Amino acid sequence: MKNKYFYLYTNVVPVRGFKRSIICDLERGKYDFIPNDLFDIVKKFNGKKINSIFDKFKKDNYVVVLEYFNFLVKKEYIYLSDNKIGISNNKKIEFEHPNSLLNAIIDVNINSNYNFNNFIKQISELNCHYLQIRFYGLVDKLKILEILNYTKSTNLRFIQIIIKKNIFSNKKLYDLILKHPRIRSIIVFGCKVSLSKDIYESKIHYTKDIITSCNQCGIIDSDLFSVNIDNYRLSKNYNSCLYKKISIDVNGKVKNCPSMLENYGSINKISIEKIIKTENFKKFDKITKDQIKVCKDCEFRYICTDCRVFVEGNIHSKPLKCNYNPYKTKWEI
């Protein structure tokens, strides 16, 4: 091993935190914790002979360094080569999606009475692919079916609906997935137990959580981490939550996020195409985790979600609903 060159696989990225680091396999969707010392070795010596690395350390540390490389090889984070291969350790990570919109959220409660079809039609014309529809409380079944029918013959590819238990039976939920194949995820809240079921090519998640409004948005949790190439590139360049996202609240007001106070007017009167071109709409796009207090020191920053609404101070503050402390490496209650 010592006479060989070592190289990180192209889909493997180490991320340094304040007290510890992680190394992510963006293709396999996994990560491991590593000491900051190992992060420094990997970043500095990638593409070098392993022998040359040992020369930089005292003999007392040889066993530890060897353990590091055994770990990296076993986990398939690196590969070894007899020959030197040209690489660039400073290659810029870029991300730019051609679509005008990527994500949209529709919020609905029992009093919502805005033009659902107008919103869905407009986001579809802008090639939005992902839509989340959140039904709060005992929304009328006919209203739910009406909104879902509007999603037919659109450019939407992935629809998730969030709905209270007992509005539809399990059989009816299965029927909805059959009738609307774009529905790839259903979250049923207020259940006695939490579990997930695979239904055809979709999933139904039953949760004990009670979801009553958009004010419950913005929660940061390790269960919500997304370890993949697209999310990593997005997080390096843009805001992982609000980049090319548009929403409509329960009153029909168009916003970046339903939880925001600021809005762009009623969906019955405005053009989404015009709104998304304004600097005011795009001001959240480029707030990356590297610019956010505390987050910039967190080892999870490129696989984590974000929230620019519920924050501890200003727009560049840590999410209020994140309980992780990177300075102690603990999730605090």
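Whatever comes next refers back to the structure up there.
First, a word on scope: everything that follows refers to the structure included in this document. The model shown is predicted, which means the values in this text are computed figures rather than measured ones.

**A few points about helix α6 (residues 170-179)**
So, step 1. Of the positions making up α6, those classed as buried are Leu173, Leu176 and Ile177. One side of α6 holds all its buried residues, which, seen down the axis, span an arc of 95°. Seen from the open side of α6, the exposed residues pointing more than 90 degrees away from its buried face are Lys171, Leu178 and Lys179.
So, step 2. On its buried side, α6 packs onto α5 (141-150), β9 (183-189), β10 (195-199) and β11 (202-207).

**Some words on the sheet that holds strand β4 (residues 30-34)**
So, step 1. Strand order in the open sheet formed by three strands is β2-β3-β4, and the pairing between neighbours is antiparallel. Sheet topology places β2 (12-16) and β4 at the edges, where each strand pairs with a single neighbour. Here the strands of the sheet are splayed against their neighbours by 20° on average, with no regard to which way each runs.
So, step 2. Note: β2 against strand β3 (residues 21-25), five bridges, orientation antiparallel. Bridge pairing in β3 places Val13 opposite Cys24.
So, step 3. Helix α1 (residues 36-45) rests against β2, β3 and β4 of the sheet, and its axis sits at about 130° to β2.

**Topic: empty space enclosed by the protein**
So, step 1. Here the structure, examined in full by the defined rule, presents one cavity of 30 Å³ or more.
So, step 2. Computed from the structure, the largest cavity encloses a volume of approximately 110 Å³.
So, step 3. Every residue lining the largest cavity is counted, 16 residues in all, and those nearest its centre are Cys295, Cys298, Cys304, Cys322 and Tyr324.
So, step 4. Along the lines of polarity and charge, the residues of the lining of the largest cavity split into 12 nonpolar, one polar and three charged.

**Considering a positive patch on the surface**
So, step 1. Together, Lys44, Lys48, Lys56 and Lys84 line one region of the surface with positive charge.
So, step 2. With respect to the helices, strands and loops of the structure, Lys84 is situated in the loop between β5 (78-81) and β6 (103-108).

**Looking at the layout of surface pockets**
So, step 1. Roughly 2000 Å³ of internal volume is contained in the largest pocket.
So, step 2. As for the largest pocket, its lining consists of 49 residues, and the residues nearest its centre are Gln132, Gln160, Leu224, Lys245 and Thr305.
So, step 3. Elements represented by at least two residues in the lining of the largest pocket include exactly β6, β7 (130-135), β8 (158-164), β9, β11 and α7 (229-237).
So, step 4. Across the lining of the largest pocket, the residue classes tally to 25 nonpolar, 17 polar and seven charged.

**Here's the deal with the pairing of β9**
So, step 1. Within β9, five of the seven residues are buried, leaving the element largely enclosed by the surrounding structure.
So, step 2. Across six bridges, β8 lies against β9 in parallel orientation. Following the sheet pairing, Ile161 is matched in β9 by Ile186.
So, step 3. On the question of chirality, the crossover connecting β8 to the parallel β9 by way of α6 is right-handed.
So, step 4. Sheet analysis places β9 next to β11, joined by five bridges and oriented parallel. Of the residues in β11, the one forming a bridge with Phe189 is Thr207.

**Here's the deal with helix α3 (residues 62-74)**
So, step 1. Between its terminal C-alpha atoms α3 stretches 18 Å, which fits the 18 Å expected from 13 residues at 1.5 Å a residue.
So, step 2. All buried positions along α3 are accounted for by Val65, Tyr68, Phe69 and Leu72. Each buried residue of α3 sits inside an arc of 90° when the element is viewed along its axis, so together they form one side. Counted as exposed and oriented over 90 degrees from the buried face of α3: Val63, Glu67 and Lys74.
So, step 3. Along its buried surface, α3 packs onto β1 (5-8), β3, α1, α2 (50-54) and β5.
So, step 4. Within two residues after α3, Glu76 carries a phi angle of roughly 60°, on the positive side.

Scoring rules and cut-offs
- Residues numbered from 1 in each chain as written.
- Predicted model: local features only at pLDDT ≥ 70, side-chain atom pairs only at ≥ 80, totals over all residues.
- Heavy atoms only, no water.
- Buried < 20%, exposed > 50% of the residue type's maximum accessible area, 1.4 Å probe, protein only.
- Helix = DSSP H or I, 4+ residues; strand = E, 2+ residues; numbered from the N terminus.
- Arc of directions from axis to C-beta.
- Contact = heavy atoms within 4.5 Å.
- Pairing = 2+ DSSP bridges.
- Axes fitted to C-alpha atoms, helices over the stretch in contact; angles between N-to-C directions.
- 1 Å grid on protein atoms, 1.4 Å probe; cavity = no way out; pocket = protein on both sides within 12 Å on 5 of 7 lines; lining within 4 Å.
- Points joined across faces, edges and corners; volume = space filled by probe spheres on them.
- Nonpolar A, V, L, I, M, F, W, Y, C, P; charged D, E, K, R; others polar.
- Patch = residues over 30% accessible without salt bridge, like charges linked within 9 Å, V, L, I, M, F, W, Y side chains within 5 Å.
- Areas by Shrake-Rupley, 256 points an atom, 1.4 Å probe, with all protein chains shown as cover.
- Salt bridge = Lys/Arg side-chain N within 4 Å of Asp/Glu carboxyl O.
- Lys, Arg positive; Asp, Glu negative; His and termini not counted.
- Charge placed at Lys NZ, Arg CZ, Asp CG, Glu CD.
- Right-handed = clockwise from strand over helix to strand, strands pointing away.
- Expected span 1.5 Å × (residues − 1).

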